[in-house]
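# Fold and contact review
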Amino acid sequence: MRRGGHAEALLLRRRRGPARLWVAVLALLAGTLWLFSSSSAGLGLGLARSSYGLQDVDVNKLWRTADSNGWRASSAPRTYWPPPPIESESNGYLRVRCNGGLNQQRSAICNAVVAARIMNATLVLPELDTNSFWHDESGFLGIYDVLHFIKTLKYDVRIAMVIPEITTNGKTKKLKAHQIRPPRDAPVTWYTTVALEKMKKYGAIYLTPFSHRLAEDIDDPELQRLRCRVNYHALRFKPHIMKTSSEIVNKLRTEGHFMSIHLRFEMDMLAFAGCIDIFTPQEQKILIKYRKEHFAEKELIYRERRLIGKCPLTPEEVGLILRSMGFDNKTRIYLASGDLFGGKRFMKPFKAMFPRLENHSTVGPGKLEENTRVLAGSAVDYMVCLLSDIFIPTYDGPSNFANNLMGHRLYYGFRTTITPNRKALAPIFMDREEGRAARFEERVRQVMFNTHFGGPHKRVHPESFYTNSWPECFCQPNPRNRADKCPPDNIYEVLESQFQSVEGEDIEEVKSTNQTDSTSQIEELVV
């Protein structure tokens, strides 16, 4: 297929002026019709859908936020939202173990809160599986602001630090949770039947592992908004992480704008993708060995994987994309990544094009962590990328870091995100490598500017809810559709009123005692 396309291109180049003119006219007409239809959809596709021609695009406009088209973030309930059950009315305790990296765990925490709400259960503070991959025992208490988490979600779920002790026949012992392995992407009905039945029988259940164990597609928009409240409001990193992140952002901003890039050129991702042909024989052996040990056996052909966009971009390819788009060598770039596989030789071409590269070790206040792969380092990278003027994920496949950040930046004011279309870019890079570099930068620009840059847009499978929570977690003050109307600004005063009326004065006293106990438990556990 590619050879046929190349032959056709050669034939077109041999044709004379009139033929070229007609091709240009037809292309312009098609592009105009496409632009008109896209803008009519009213989905706010931002700069790429403007009236500018490709050659006239001002890359400086990308430093601004995308066009919101009147939308703003809102995850507050828009219908009656009853408060969580008092202790005597709870169906039991839900305990979960969140596995994976920091952002996979983050999604799991959001799912755990929704699951507890679905089952009318008390959520035990989620556990983070930090040993198997991170070798970091800081856990939830060491990464997130626990008191803020509990306070923010008080209208949604009851949260306990630990499963309580129970007294039976004069003996006091800790309630033991019944362990269950939930199915992947389990529907809401699984939690209201299988899981709830076990919870009522044993008093507590322990769901492990708990990564991707609740379906993302839920028909109830209020439950989806609860996910957003957890993700974008309740989950706040601890003060020292926020302080470090703020200091880094302030330093990077001393000379103006900066972009962040999540460079996913690491051993685990390269082995997973099966993209090994560009490495030395010794490096290939390392990747093959890693793949056999960690992933299911499958024959992967590098060229085929690359052509369908399954290979992470190399650092040099990222540099070529930025240069083709019009970014110059004065652009300040923050790199968020683990240890790049293949050594410095892969970074050398990138640094030659864009020498102003930083990471949390070079620009951070002193030595952040002994091991930059620990959870605190990943949390700082997350916050700096969230606050950067432009964010570029180089691999948004199974990368929870990139996907969650794109969703958070969308929620955080439609901040510009540039997402390279690897499938469309692959043949362009391959032509260049094989000596066919004519119109290289023009072809790259054509791909890169044919996209949205962080504006509201329809979520299309396989895009994750955590990557794009529009429209459920957004609203418009003056909408065409009543369902999109923003809730009143005093919504939390209404929820507080409902919360207090259900709890009652006597319950409030108990609640205050429990809150004090929770605070002391947190302080004790942190120490």
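Residues numbered from 1 in each chain as written. Predicted model: local features only at pLDDT ≥ 70, side-chain atom pairs only at ≥ 80, totals over all residues. Heavy atoms only, no water.

## Overview of unusual backbone geometry
- The linkage connecting histidine 461 with the following residue, proline 462, adopts the cis geometry, with an omega of 10°.
- By the element assignment, proline 462 lies in the loop between helix H18 (440-448) and strand E15 (474-475).
- The peptide bond linking tryptophan 470 to proline 471 adopts the cis configuration, its omega dihedral lying at 10°.
- Its identity as a non-glycine residue notwithstanding, phenylalanine 414 has a phi of 55°, on the positive side.
- Considering the arrangement of structural elements, one finds phenylalanine 414 in the loop between helix H16 (400-411) and strand E14 (416-417).
- Residue class for phenylalanine 414 comes out buried when judged on its relative accessible area of 4%. (Helix = DSSP H or I, 4+ residues; strand = E, 2+ residues; numbered from the N terminus. Buried < 20%, exposed > 50% of the residue type's maximum accessible area, 1.4 Å probe, protein only.)

## Remarks on the state of the cysteines
- For the structure shown, the criterion picks out three disulfides.
- The disulfide partner of cysteine 228 is cysteine 473, and the S-S distance across this bridge is 2.0 Å. Negative torsions about the S-S bond denote left-handed disulfides, and the value of about 95° found for cysteine 228 with cysteine 473 makes this one right-handed. Here cysteine 228 is found in helix H7 (residues 221-234), whereas its partner cysteine 473 is found in the loop between H18 and E15, with 245 residues between them in sequence. Grouping residues by exposure puts cysteine 228 and cysteine 473 together as buried.
- In this model, cysteine 275 is linked to cysteine 311 through a disulfide, with the two sulfur atoms separated by 2.0 Å. An S-S torsion of about -95° defines the bridge between cysteine 275 and cysteine 311 as left-handed. Remark: cysteine 311 occurs in the loop between helix H11 (302-307) and helix H12 (315-325) and cysteine 275 occurs in the loop between helix H9 (267-273) and helix H10 (281-294); sequence separation between them is 36 residues. Exposure class is identical for cysteine 275 and cysteine 311. Each is buried.
- Here cysteine 98 is not cross-linked by a disulfide; its sulfur's nearest cysteine counterpart is in cysteine 110, at 9.4 Å.
- Overall, cysteine 98 belongs to the buried group, its relative accessible area being 0%. (Disulfide = S-S within 2.5 Å.)

## Here we look at the side chain of glutamate 472
- Following the sequence through the fold, glutamate 472 ends up in the loop between H18 and E15.
- A distance of 2.8 Å separates polar atoms of two side chains, one belonging to glutamate 472 and the other to arginine 459.
- Dropping the residues within four chain positions of it, glutamate 472 is found in contact with Ser74, Arg78, Gln224, Arg225, Arg459 and Phe465. (Polar contact = N/O pair within 3.5 Å; in protein donor to acceptor, adjacent residues only side chain to side chain. Contact = heavy atoms within 4.5 Å.)

## Overview of the pairing of strand E2 (residues 93-98)
- In the sheet, E2 pairs with strand E3 (residues 122-124) via two bridges, with the strands oriented parallel. Bridging from a neighbouring strand, tyrosine 93 pairs with threonine 122 of E3.
- This β-α-β element, E2 to helix H3 (residues 102-119) to E3, shows right-handed connectivity.
- In terms of strand pairing, E2 meets strand E9 (residues 204-207) through four bridges, oriented parallel. Across the sheet, leucine 94 pairs through a bridge with isoleucine 205, a residue of E9. (Pairing = 2+ DSSP bridges. Right-handed = clockwise from strand over helix to strand, strands pointing away.)

## Quick look at the sheet that holds strand E10 (residues 259-262)
- Judged by pairing direction, the sheet is parallel, and its five strands sit side by side in the order E12-E11-E10-E13-E14 without closing on themselves. In this open sheet, the two edge strands, each paired with only one partner strand, are strand E12 (357-358) and E14.
- Where strand E13 (residues 390-393) lies against E14, two bridges are found, and the strand directions are parallel. Note on E14: the bridge partner recorded for isoleucine 390 is threonine 416.

## Description of the packing of aromatic side chains
- Taken as a whole and assessed by the stated rule, the structure comprises 22 aromatic pairs.
- Between tyrosine 411 and phenylalanine 474, the ring centres sit 5.9 Å apart and the planes meet at 65°, which makes this aromatic pair edge-to-face. Taken as a pair, tyrosine 411 in helix H16 and phenylalanine 474 in strand E15 lie far apart in primary sequence, 63 residues in all. An identical accessibility class is assigned to tyrosine 411 and phenylalanine 474; each is buried. (Phe/Tyr/Trp six-rings, centres within 6.5 Å; stacked < 30°, edge-to-face > 60°.)

## Let's talk about helix H17 (residues 422-433)
- Along its 12 residues, H17 runs 16 Å from first to last C-alpha, staying within 8% of the 16 Å computed at 1.5 Å per residue.
- Among the residues of H17, those classed as buried are Arg422, Leu425, Ala426, Ile428, Phe429, Met430 and Asp431. (Expected span 1.5 Å × (residues − 1).)

## Examining the confidence of the model for the protein chain
- Looking at the protein chain as a whole, the pLDDT averages 83, with 80% of positions reaching at least 70.
- Predicted confidence in the protein chain is weakest over helix H2 (residues 17-40), with a mean pLDDT of 38, and strongest over E9, with 98.
- Confidence drops under pLDDT 50 across residues 369-373; counting only partners more than four residues distant or on other chains, this segment forms nine contacts.
- Contacts from residues 505-527, a stretch scored under 50 in pLDDT, to residues over four places away or in other chains number 22 contacts. (pLDDT = per-residue confidence, 0-100.)

## Quick notes on the pattern of salt bridges
- Across all of its chains, the model carries 26 salt bridges by this definition.
- Notably, a salt bridge pairs arginine 225 with glutamate 222, separated by 3.1 Å at the nearest N-O pair. In this pair, arginine 225 and glutamate 222 are both assigned in helix H7, three residues apart and thus about one turn of the helix distant.
- You can call glutamate 222 buried: its relative accessible area is 5%.
- When the shortest N-O distance is used, the salt bridge between arginine 443 and aspartate 431 registers 3.2 Å. Of this pair, arginine 443 sits in helix H18 while aspartate 431 is found in helix H17, placing the two residues 12 residues apart along the sequence.
- Residue arginine 443 is classed as partly exposed on the basis of its relative accessible area, which comes to 23%.
- Connected via shared salt-bridge partners are Arg303, Asp431, Glu434, Arg436 and Arg443. (Salt bridge = Lys/Arg side-chain N within 4 Å of Asp/Glu carboxyl O.)

## Observations regarding the packing of helix H15 (residues 375-387) against H16
- At their nearest, the axes of H15 and H16 sit 10 Å apart, and the two run at 40° to each other. Comparing the axis directions of H15 and H16 gives the class oblique. The element H15 and its partner H16 pack so that their crossing is right-handed. Taken together, the residues of H16 that come into contact with H15 (itself represented by Ser378, Asp381, Tyr382, Cys385, Leu386 and Leu387) are Phe401, Asn404, Leu405, His408 and Arg409.
- For the contact of H15 with H16, the per-class residue count stands at six nonpolar, three polar and two charged. (Axes fitted to C-alpha atoms, helices over the stretch in contact; angles between N-to-C directions. Parallel < 35°, antiparallel > 145°, perpendicular 65-115°, else oblique. Left-handed = near helix turned anticlockwise from the far one by under 90°. Nonpolar A, V, L, I, M, F, W, Y, C, P; charged D, E, K, R; others polar.)

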